[in-house]
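Here are the chains, one letter per residue:
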Amino acid sequence: MKKYLLAGLLVWLPLAITIWVLSWLLGALDGVFDTIVATTQAVLPEGARAGLERLRHIPGIGVVVMVLVLVLTGVFAANIFGQWWLRQWDQILGRIPIVRSIYNSVKQVSDTLFSS
């Protein structure tokens, strides 16, 4: 009985944790989008506010916005001006003592993971 219980746990636990993490991530991204919408509504005209309010209640819109931001950032980083700007940004962050160690470590890990 114990063997079957552990086998069932080994099947369902990774799936449950994956669903939980994805659900948390979706909620976090929707929360970021919700915060952005809430802060920008004060400066927008009344017609645009109503449209943003409808978008605010669409589940998963934060993921769509995040993918769009990542694609636009990738387009920016792929050209010469974007590469120059990113080098300047790396130099600025490299001069801040505590930020330098964290940023360089994370950048090294991400460069290693995403390198071809």
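The coordinates are above.
Read on for a plain summary of the structure. (Residues numbered from 1 in each chain as written. Predicted model: local features only at pLDDT ≥ 70, side-chain atom pairs only at ≥ 80, totals over all residues. Heavy atoms only, no water.)

Residues Phe76, Phe81, Trp84, Trp85, Leu86, Trp89, Ile92, Ile96 and Val99 make up a contiguous nonpolar surface patch of roughly 810 Å² in combined accessible area. Per-element tally for the nonpolar patch: the top contributor is helix H4 (residues 80-93), with six residues. Take Val99: it is sitting in helix H5 (residues 97-114). (Patch = residues over 30% accessible without salt bridge, like charges linked within 9 Å, V, L, I, M, F, W, Y side chains within 5 Å. Areas by Shrake-Rupley, 256 points an atom, 1.4 Å probe, with all protein chains shown as cover. Salt bridge = Lys/Arg side-chain N within 4 Å of Asp/Glu carboxyl O. Helix = DSSP H or I, 4+ residues; strand = E, 2+ residues; numbered from the N terminus.)

Turning to the pattern of salt bridges, a few remarks are in order. For side chains bearing opposite charge, pairing can occur when the charged atoms are close. Considering all chains together, one arrives at one salt bridge under this definition. Two residues, Lys107 and Asp90, come together in a salt bridge whose shortest N-O distance is 4.0 Å. Placement of the pair is Lys107 in helix H5 and Asp90 in helix H4, with a sequence separation of 17 residues.

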